[in-house]
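# Fold and geometry: a report
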Amino acid sequence: YPDYLLDLYNRSAKHNAIVNGKAKYVFGSGLGKEGDEIVNTENETFNDILKKCILDIELFAGFYLEVIWDRGGKNIAELRHVCFSDVRSNKDNSKFYYTDTWTKAGVNDKDEPVIRGISNPQENKDWKVYEPYDEKNKKGKQLFFYKAYRPGLKTYPLPEYQGATVYIDIDVQIADYWNNAIHNGLSASHLINFYNGIPTDQ
């Protein structure tokens, strides 16, 4: 489902602009001087991480942060953003699983393109299993998971625009329809029948 939400974001110009605009306004001026502090070996600042987290919240209603503790287990050595669409969880969020390949493209019986989940994602080279963030167990790498509250949800969040996903999909399909029509020479697709003879010019 996160891949589906990401696909809507990438393919609908209106939805993309709205999400990006909201994320920009939420970020505002960032965290000020404190936001310029480097937080990982990739030279990312707090503000860099914050921008990514805000975008994930607007897209998925949640975000993940990889927390790397120092060897003494007293302080956080590094903080990294983890793309929301690359993580899955068990039912109670007590284990998290990471890989950047959860699906693959294929075709169905009618030769139509489809996206299917891969059978053994744990065989991927980048496969990782994370324990949840725990201040009482400061060791190794942990995953901090934030999810917005919505009544009735347990494992995963749903975005604020959940009720509009069908309409966003329609926007994508309409664009695809007219794009195909243009590439196919705007061939006739409608036939009008007159049952009362030839109409006047007017």
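Residues numbered from 1 in each chain as written. Predicted model: local features only at pLDDT ≥ 70, side-chain atom pairs only at ≥ 80, totals over all residues. Heavy atoms only, no water.

Contact geometry of helix α1 (residues 2-11) with helix α3 (residues 46-60) gives a least axis separation of 10 Å together with a crossing angle of 100 degrees. Classified by the angle their axes make, α1 and α3 are roughly perpendicular. Contacts between α1 and α3 involve P2, L5, L6 and Y9 from the first element and L55, L59 and F60 from the second. (Axes fitted to C-alpha atoms, helices over the stretch in contact; angles between N-to-C directions. Helix = DSSP H or I, 4+ residues; strand = E, 2+ residues; numbered from the N terminus. Parallel < 35°, antiparallel > 145°, perpendicular 65-115°, else oblique. Contact = heavy atoms within 4.5 Å.)

The biggest cluster of nonpolar side chains holds 17 residues, and the ones touching the most others in it are L59, Y64, V82, V87, F96 and L143. Of all the secondary structure elements, the ones that give two or more residues to this core are α1, α3, β4 (96-98) and β8 (141-147). The leading source of residues in this core is α1, at three residues. Beyond its immediate sequence surroundings of up to four residues, L59 is in contact with L5, L6, Y9, H15, V19, P159 and Y161. Judged by nonpolar contacts, the second largest core, of eight residues, contains C53, F63, L65 and L79. (Core = buried A, V, L, I, M, F, W, Y, C linked by side-chain atoms within 4.5 Å. Buried < 20%, exposed > 50% of the residue type's maximum accessible area, 1.4 Å probe, protein only.)

Moving on, we come to the pattern of salt bridges. Once the charged atoms of two side chains with opposite charge are near each other, the side chains can pair. Using the criterion set out here, one finds eleven salt bridges in the structure. Among the salt bridges present, the one from R11 reaches D176, with a minimum N-O distance of 2.4 Å. Within this pair, whereas R11 is found in helix α1, its partner D176 is found in helix α4 (residues 165-183), the two being separated by 165 residues in sequence. Measuring nitrogen to oxygen at the nearest pair gives 3.1 Å for the salt bridge that ties K22 to E58. Of this pair, K22 sits in helix α2 (residues 13-27) while E58 sits in helix α3; the two residues are 36 residues apart in sequence, bridging distant segments of the chain. When its relative accessible area of 34% is taken as the criterion, K22 is described as partly exposed. By relative accessible area, which is 13% here, E58 ends up buried. (Salt bridge = Lys/Arg side-chain N within 4 Å of Asp/Glu carboxyl O.)

Inspection of the entire model under this criterion finds 14 aromatic pairs. Each ring, one from F96 and one from F145, has its centre 5.6 Å from the other, and the planes form 75 degrees; the classification is edge-to-face. With a gap of 49 residues between them, F96 in strand β4 and F145 in strand β8 connect regions that are remote in the sequence. Looking at F145, the relative accessible area reads 16%, which means it is buried. Between the aromatic rings of Y177 and W178, the centroid separation amounts to 5.1 Å while the plane-to-plane angle is 85 degrees, which identifies the pairing as edge-to-face. Clustering of aromatic rings is evident, with ring pairs tying together F60, Y64, F84, F96 and F145. (Phe/Tyr/Trp six-rings, centres within 6.5 Å; stacked < 30°, edge-to-face > 60°.)

What follows deals with the environment of D7. Following the sequence through the fold, D7 ends up in helix α1. Accessibility expressed as a relative area gives 33% for D7, which makes it partly exposed. Remark: the alpha-carbon pair of D7 and D169, spanning 162 residues in sequence, is separated by 9.4 Å.

What follows covers the pairing of strand β1 (residues 62-69). When you tally the buried positions in β1, you get eight out of eight residues, the bulk of the element. Residue alternation in β1 divides its side chains into two sets, G62, Y64, E66 and I68 and F63, L65, V67 and W69, and both sets are buried. As paired strands, β1 and β8 are joined by seven bridges and run antiparallel to one another. Within β8, the position partnered with E66 by the bridge is L143. (Pairing = 2+ DSSP bridges.)

Purely geometric stuff here, so don't read any function into it on its own.
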